[in-house]
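The chain contents come next:
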Amino acid sequence: MDENGLYHGWLMPEMPKEGICWRDASDSCFKIYGLITESIYHNEMAVYERLPQEIAEQAVSQEMPYLAHTTTGGRLRFRTDSRYVAIRCYWDELYEVPHQPAGATSGFDLYLTEDGVSRYYKTLMPPRFARNRQKGFRQIVYFETEKMRDVTIYFPIMNHVKQLEIGLEEQAEVLPGEKYRFPDPVVYYGSSITNGGCASRPGNTYEGFVSRALNLDQRNMGFSDSARGDIAVAEYIAKLDMCAFVFDYDHNAPNPEWLRKTHYPFYEIIRKAKPDIPIICMSRPMFELNDVAEPGNREVDAKERKAIILETIKRAQNAGDNKIYFVDGSKLFAGDCSDACTVDGLHPNDLGFYRMAQALTPVLKQALEIEY
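So, how was this worked out
Residues numbered from 1 in each chain as written. Predicted model: local features only at pLDDT ≥ 70, side-chain atom pairs only at ≥ 80, totals over all residues. Heavy atoms only, no water. pLDDT = per-residue confidence, 0-100. Contact = heavy atoms within 4.5 Å. Core = buried A, V, L, I, M, F, W, Y, C linked by side-chain atoms within 4.5 Å. Buried < 20%, exposed > 50% of the residue type's maximum accessible area, 1.4 Å probe, protein only. Helix = DSSP H or I, 4+ residues; strand = E, 2+ residues; numbered from the N terminus. Expected span 1.5 Å × (residues − 1). Polar contact = N/O pair within 3.5 Å; in protein donor to acceptor, adjacent residues only side chain to side chain. Axes fitted to C-alpha atoms, helices over the stretch in contact; angles between N-to-C directions. Parallel < 35°, antiparallel > 145°, perpendicular 65-115°, else oblique. Left-handed = near helix turned anticlockwise from the far one by under 90°. Nonpolar A, V, L, I, M, F, W, Y, C, P; charged D, E, K, R; others polar. Pairing = 2+ DSSP bridges. Salt bridge = Lys/Arg side-chain N within 4 Å of Asp/Glu carboxyl O. Phe/Tyr/Trp six-rings, centres within 6.5 Å; stacked < 30°, edge-to-face > 60°. Lys NZ or Arg CZ within 6 Å of the ring centre and 35° of its normal.

In this section: the confidence of the model for the protein chain. A residue-level look at the protein chain finds 90% of positions with pLDDT of 70 or above and a mean pLDDT of 90. Segment residues 40–44: pLDDT under 50, and seven contacts once partners within four positions in sequence are set aside and those in other chains are kept. Segment residues 289–295 is flagged for pLDDT under 50; beyond a separation of four residues in sequence, or across chains, it makes 10 contacts in the model.

What follows is the structure, given as structure tokens:
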């Protein structure tokens, strides 16, 4: 730990002793996606948010104000010929849960794009011994060859990022990064699964897989245990620019009756504001719903919720909506090793998220009329 309370990278190369130029992530040479870009400043530090606090405070769940500051789905893009990329981030505490690694909850994934394909390169993460006493960490990754590169850095899934700085060579050129296919993102709303739990690292959420497969921007409005179909949240989302809306709302409704009262009204708010975009409704992914599973109360509950979502779709179609689609959650983990798709029988691991993306990608491709 240095004098600022920052841990240096564990088993990572050391920082150069001179010549490194640190730029704040909000610098105009970078482009931030998936977060509120009008940074709010407290104590001269940028606060990165997904949902304004005044909206979060109107939600049913008391956790929403905290979750509004989590940065899942956030990305930073730029192009540079620097021979290394370093990060220096600050936070109040290190978020920890037993079923998700620190590289996912608090790390940053670095991807490089070449010939239109974005590929994983390295995860910059807190050291294993840091725990909550740390104020942040800094790490660096070097490249084997010297050339211009398109870099994408994924923000942590759960931790609050108070400040993020990018370190590059002083003489390096920094240009705008590659643009996404459409100027507006796909917006996702849902539970902890939508939020990204429990991917092994930030780039491996199902939204991340879909984004890279179709070169689509994304806005993650998944809130762990807190997606209750809140009208205030629906009205906020309805004001966002988007090319499509993925309505992954099922799990966090306390019971089917709650889901029935909130699912169609939430859809209706989005549709009235966005009459021309595709809306994809998803039901919950559960490996128990495959043929090998024994019937049980959980299966009965999931089937009832699925029926409610299908009611929304039928009602919308009867009202003339021909841009509404359905992704059946009972089939998301289907196939070989379906029971290996979660970390705890509920939250997907990387395999589970990959299979979710495989199911959603062709639907979005069709809905957005993407030819390749």
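A few words now on the nonpolar core. Ranked by internal contacts, the top residues of the largest apolar core, which has 69 residues, are Leu-51, Tyr-189, Ile-237, Phe-245, Leu-360 and Leu-364. Sort the elements by how many residues they give to this core and helix H9 (residues 350–367) lands first, with seven residues. The residues contacting Phe-245, other than those within four sequence positions of it, are Val-187, Tyr-189, Ile-237, Phe-266, Ile-270, Ile-277, Pro-278, Ile-279 and Ile-280. Membership of the second largest hydrophobic core comes to 28 residues, among which are Leu-76, Val-85, Ile-87 and Leu-164.

Below, the discussion takes up helix H8 (residues 297–318). Relative to the 32 Å expected for 22 residues at 1.5 Å per residue, H8 spans 32 Å between its end C-alpha atoms, a close match to the ideal helical length. Those residues of H8 not exposed but buried are Glu-299, Ala-302, Arg-305, Ile-308, Ile-309, Thr-312, Ile-313 and Ala-316. On the buried face of H8, the contacting elements are helix H7 (256–273), strand E17 (279–282) and strand E18 (324–327).

This part covers the environment of Tyr-180. Relative to the assigned elements, Tyr-180 resides in the loop between strand E13 (174–175) and strand E14 (186–190). Each C-alpha atom of the pair Tyr-180 and Leu-214 lies 9.0 Å from the other, and the pair is 34 residues apart in sequence. Discounting residues that sit within four places of it in the chain, Tyr-180 has contacts with Tyr-33, Arg-75, Arg-77, Ser-211, Asn-215, Leu-216 and Asp-217. A polar atom in the side chain of Tyr-180 sits 3.4 Å from the side chain of Arg-77.

Another point: the packing of helix H6 (residues 231–238) against H7. Relative orientation of the contacting elements H6 and H7 amounts to 20°, with a least axis distance of 9 Å. One finds that H6 runs roughly parallel with respect to H7. Remark: the crossing between H6 and H7 carries right-handed chirality. In contact with Ile-231, Ala-234, Glu-235, Ile-237 and Ala-238 of H6, H7 contributes Phe-266, Ile-269, Ile-270 and Ala-273. The residue inventory of the contact of H6 with H7, partitioned by class, reads eight nonpolar, no polar and one charged.

Let us look at the packing of H7 against H8. Packed helices, taken two at a time, are described by the angle between their axes plus the distance between the axes. Viewed as axis vectors pointing N to C, H7 and H8 meet at an angle of 25°, and their least axial separation amounts to 10 Å. In terms of their interaxial angle, H7 and H8 are classed as roughly parallel. With respect to the hand of their crossing, H7 and H8 are arranged in right-handed fashion. Contact residues: Pro-256, Glu-257, Leu-259, Arg-260, His-263, Tyr-264 and Tyr-267 in H7; Asp-301, Glu-304, Arg-305, Ile-308, Ile-309, Glu-311, Thr-312, Arg-315 and Ala-316 in H8. Grouping the amino acids of the contact of H7 with H8 by side-chain chemistry returns seven nonpolar, two polar and seven charged.

Looking now at the pairing of strand E8 (residues 108–114). In terms of burial, E8 is a largely internal element, six of the seven residues being buried. The turn linking E8 back onto strand E9 (residues 117–124) is made up of two residues, and Asp-115 within it adopts a positive phi angle of 55°. Where E8 and strand E11 (residues 149–154) come together, five bridges link them in antiparallel fashion. Paired with Asp-109 across the bridge in E11 is Tyr-154.

Moving on, we come to the sheet that holds strand E16 (residues 244–248). Taken together, the five strands give an open sheet; going across it, the order is E15-E14-E16-E17-E18, and neighbouring strands pair in parallel fashion. Looking at which strands have only one partner, the edges of the open sheet turn out to be strand E15 (218–222) and E18. The average angle at which neighbouring strand axes cross in this sheet is 15°, direction not considered. Note that E17 and E18 share four bridges and pair parallel.

Bringing the pattern of salt bridges into the picture now. Applying the stated criterion to the full structure yields 13 salt bridges. Ionic pairing is found between Asp-301 and Arg-284, a salt bridge with its closest N-O pair at 3.5 Å. Of this pair, Asp-301 sits in helix H8 while Arg-284 is found in the loop between E17 and H8, placing the two residues 17 residues apart along the sequence. Classification of Asp-301 by relative accessible area gives partly exposed; the value is 21%. Measuring nitrogen to oxygen at the nearest pair gives 2.7 Å for the salt bridge that ties Asp-328 to Lys-306. In this pair, Asp-328 is assigned in the loop between E18 and H9 and Lys-306 in helix H8, connecting sequence segments 22 residues apart. One network of salt bridges, in which partners are shared, links Asp-250, Arg-284, Asp-301 and Arg-305.

Enumeration over the complete set of coordinates arrives at 21 aromatic pairs. Centre to centre, the rings of Phe-30 and Phe-78 are 5.0 Å apart; their planes meet at 65°, and the pair counts as edge-to-face. Of this pair, Phe-30 sits in the loop between strand E2 (20–24) and strand E3 (31–33) while Phe-78 is found in strand E6 (residues 75–80), placing the two residues 48 residues apart along the sequence. Ring plane angle 65° and centroid distance 5.5 Å describe the contact between Tyr-84 and Tyr-142, whose orientation is recorded as edge-to-face. One end of the pair, Tyr-84, is in strand E7 (residues 84–90); the other, Tyr-142, is in strand E10 (residues 136–142), with 58 residues separating them in the sequence. Accessibility expressed as a relative area gives 6% for Tyr-84, which makes it buried. A network of ring pairs unites the aromatic residues Tyr-48, Trp-91, Phe-108, Phe-137 and Phe-155 as a single cluster. Taking the ring centre of Tyr-33 as reference, the NZ or CZ of Lys-31 above it sits at 5.5 Å. Looking at Arg-315, its charged tip hangs above the ring of Tyr-264, at a distance of 3.8 Å from the centre.

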